[in-house]
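# Overview (structure and organization)
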Amino acid sequence: MLMSIAVQQSYKLVQFNVKGAFMVSGIEDQNIFKFVQLPPGYKAPQGFVARLARSLYGLCDFAYEFHKTLSDWMIEYGFTALDADHMVFKLEREGTVIIVALYVNDCLVAHNSDSEYQKFIDALSKRFELSADAAEVSWYLSVSITRDWEKGTLKLSQE
């Protein structure tokens, strides 16, 4: 849907990735304790257990913890989560539109202002480590994306 909107509204379509996403989100519910087995060779007293303070990639609630952390930041920045899909956020400010669709730590963005998008990325990179490119997206989640601005088309392929 986001790609369709980008084509119809002539928005630029870009992407960014949050590096080490699992390291930036804490475990929110302090009433739920998560423990891990210590790695081989780690010296600890008998009966010692390690309680996680941060979510780890591979935990069943990793995606939830990261989404909550990123969502809170997005809302604080001024975005609104869409009622139809809480993984999509929209910012409208003085004629500027930025729409961000999240898939775990991969983010697809449609926007109509390079300068406002760069301000958003600059602010976001103060909180999260990002790999962001201002160039038009050509590959996202194993899908090749080819855009023809003159014809107003977008071609998706998994070949």
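The text that follows walks through the structure, step by step, so that each part is easy to find. Counting of residues starts from 1 at the beginning of each chain's written sequence and follows it residue by residue. The predicted nature of this model means local features are confined to residues of pLDDT at least 70 and side-chain atom pairs, given and counted, to a pLDDT of 80 or more, with totals for whole chains, interfaces and linings taken over all residues. Note that water and hydrogens are dropped before the side-chain values are worked out from all heavy atoms of the structure.

What follows is about the overall build of the protein chain. Counting its regular elements, the protein chain contains four helices and 11 strands. Taking all 159 residues of the protein chain together, 38% fall into the buried category. Two residues form a contact once any of their heavy atoms are found within 4.5 Å. The contacts in the protein chain between residues at least 6 apart in sequence include a share of 57% that link residues at least 24 apart. Note that accessible areas follow from Shrake-Rupley with a 1.4 Å probe, and for residues the cover is restricted to the protein chains shown. Accessible area of the protein chain: about 10,000 Å², with a carbon and sulfur share of 52%. Numbering of helices and strands runs from the N terminus; a helix is a DSSP stretch of H or I covering at least four residues, while a strand is a stretch of E covering at least two. Burial classification: accessible surface area is computed with a 1.4 Å probe over protein chains only, and a residue below 20% of its type maximum counts as buried, one above 50% as exposed, and the rest as partly exposed.

Looking now at the layout of surface pockets. Here the largest pocket is characterised by a volume of approximately 160 Å³. Taken together, Met-1, Leu-2, Met-3, Ile-5, Leu-82, Val-88, Ile-99, Ala-101 and Leu-108 make up the full set of residues lining the largest pocket. Counting only elements with at least two residues in the lining of the largest pocket, the list comes to helix H1 (2-9) and strand E6 (96-103). In terms of residue count, H1 provides more of the lining of the largest pocket than any other element does, three residues in total. Split by residue class, the lining of the largest pocket holds nine nonpolar, no polar and no charged. Space inside and on the surface of the protein is sampled on a 1 Å grid over the protein atoms alone, with a cavity defined as a set of points where a 1.4 Å probe fits but cannot get out and a pocket as an open set with protein on both sides within 12 Å along at least 5 of 7 lines; lining residues have an atom within 4 Å of a point. Grid points are joined across faces, edges and corners, and a volume is the space filled by probe spheres set on the points. Residue polarity is assigned by list, with Asp, Glu, Lys and Arg as charged and Ala, Val, Leu, Ile, Met, Phe, Trp, Tyr, Cys and Pro as nonpolar; anything else, Gly included, falls into the polar class.

We now examine the nonpolar core. Soluble globular proteins tend to pack their nonpolar side chains together in the buried interior. Buried Ala, Val, Leu, Ile, Met, Phe, Trp, Tyr and Cys residues form a nonpolar core when they are joined through side-chain atoms within 4.5 Å. Residues Phe-16, Phe-79, Val-100 and Phe-120 are the most contacted members of the largest nonpolar core, which totals 22 residues. Elements supplying a minimum of two residues to this core: strand E1 (12-18), helix H3 (62-77), strand E5 (88-93), E6, strand E7 (106-111) and helix H4 (114-125). With five residues, H3 is the largest single contributor of residues to this core. With sequence-adjacent residues up to four places away left out, Phe-79 is seen in contact with Met-74, Phe-89, Lys-90, Leu-91, Ile-98, Val-100 and Phe-120. Grouped together as the second largest cluster of nonpolar side chains are 15 residues, Leu-2, Val-97, Tyr-140 and Ile-145 included.

Here we come to the pattern of salt bridges. For salt bridges, the criterion is a side-chain nitrogen of Lys or Arg within 4 Å of an Asp or Glu carboxyl oxygen. Per the counting criterion, the structure on display carries five salt bridges. Among the salt bridges present, the one from Glu-116 reaches Lys-119, with a minimum N-O distance of 3.1 Å. A residue pair is termed a helical-turn pair when its members lie 3 or 4 positions apart in one helix, as Glu-116 and Lys-119 do in helix H4 at three residues. Arg-147 serves as the salt-bridge partner of Glu-136, at 2.9 Å between the closest nitrogen and oxygen. Pair noted here: Glu-136 is in the loop between strand E8 (130-133) and strand E9 (139-140) and Arg-147 is in strand E10 (residues 143-148), with a separation of 11 residues, a long-range link. Arg-147 gets classed as buried once you look at its relative accessible area, which sits at 16%.

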